[in-house]
Amino acid sequence: MDSKTLLQEEVQKKNDAQLRYELVAESGPDHDKEFSVVAYLDDVKIGAGVGRTKKAAEQQAAYEALMKIKGKK
């Protein structure tokens, strides 16, 4: 499974929690973009990620959030 799926499953254990990803920056030329994404649980920042695609940045943000939730970071 991917980090976003695992994080979503953790969030679903908390009945009313809302998970969202927000694109906060995009830089570089079209052929070499870099995206920065922040993951929020309700309105609390729980992870951040950077990647060559929005999906990759979201995956990294989800992984960081999982490590925080699991107490490994």
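Below or above, wherever it landed, is the structure these notes cover. From a predicted model like this one, the values you see are computed outputs, not experimental measurements.

## Thoughts on the side chain of S3
Alright, step 1. Relative to the helices and strands, S3 is located in helix 1 (residues 3–12).
Alright, step 2. The class for S3 is buried, based on a relative accessible area of 15%.
Alright, step 3. Setting aside its immediate chain neighbours within four residues, S3 contacts Q59, A62, Y63 and L66.

## Quick look at the packing of aromatic side chains
Alright, step 1. Within the structure shown, the criterion is met by zero aromatic pairs.
Alright, step 2. Above the face of the Y21 ring, K4 is positioned so that its terminal group lies 5.0 Å from the ring centre.
Alright, step 3. The lysine or arginine in question, R20, covers the ring of Y40, its NZ or CZ lying 4.3 Å from the ring centre.

What counts, and at which threshold
- Starting afresh in each chain, residues are numbered from 1 along the sequence in its written order.
- Under the rules for a predicted model, residues below a pLDDT of 70 receive no local features and side-chain atom pairs below 80 are neither given nor counted, while totals for whole chains, interfaces and linings still include all residues.
- Working from all heavy atoms in the structure, the side-chain values ignore hydrogens and water.
- Note on conventions: DSSP H or I runs of at least 4 residues are helices, E runs of at least 2 residues are strands, and numbering of each starts at the N terminus.
- A simple rule labels every residue: compare its accessible area, found with a 1.4 Å probe on the protein chains alone, to the largest value its type can have, and call it buried under 20%, exposed over 50%, or partly exposed in between.
- The contact criterion used is simple: two residues touch if any of their non-hydrogen atoms lie within 4.5 Å.
- Under the pairing criterion, centres of Phe, Tyr and Trp rings, with the six-membered ring standing for Trp, must be within 6.5 Å; the plane angle then separates stacked pairs below 30 degrees from edge-to-face pairs above 60, leaving the rest tilted.
- Only lysine NZ and arginine CZ atoms are considered, and such an atom sits over a ring when it is within 6 Å of the ring centre and within 35 degrees of the ring normal.

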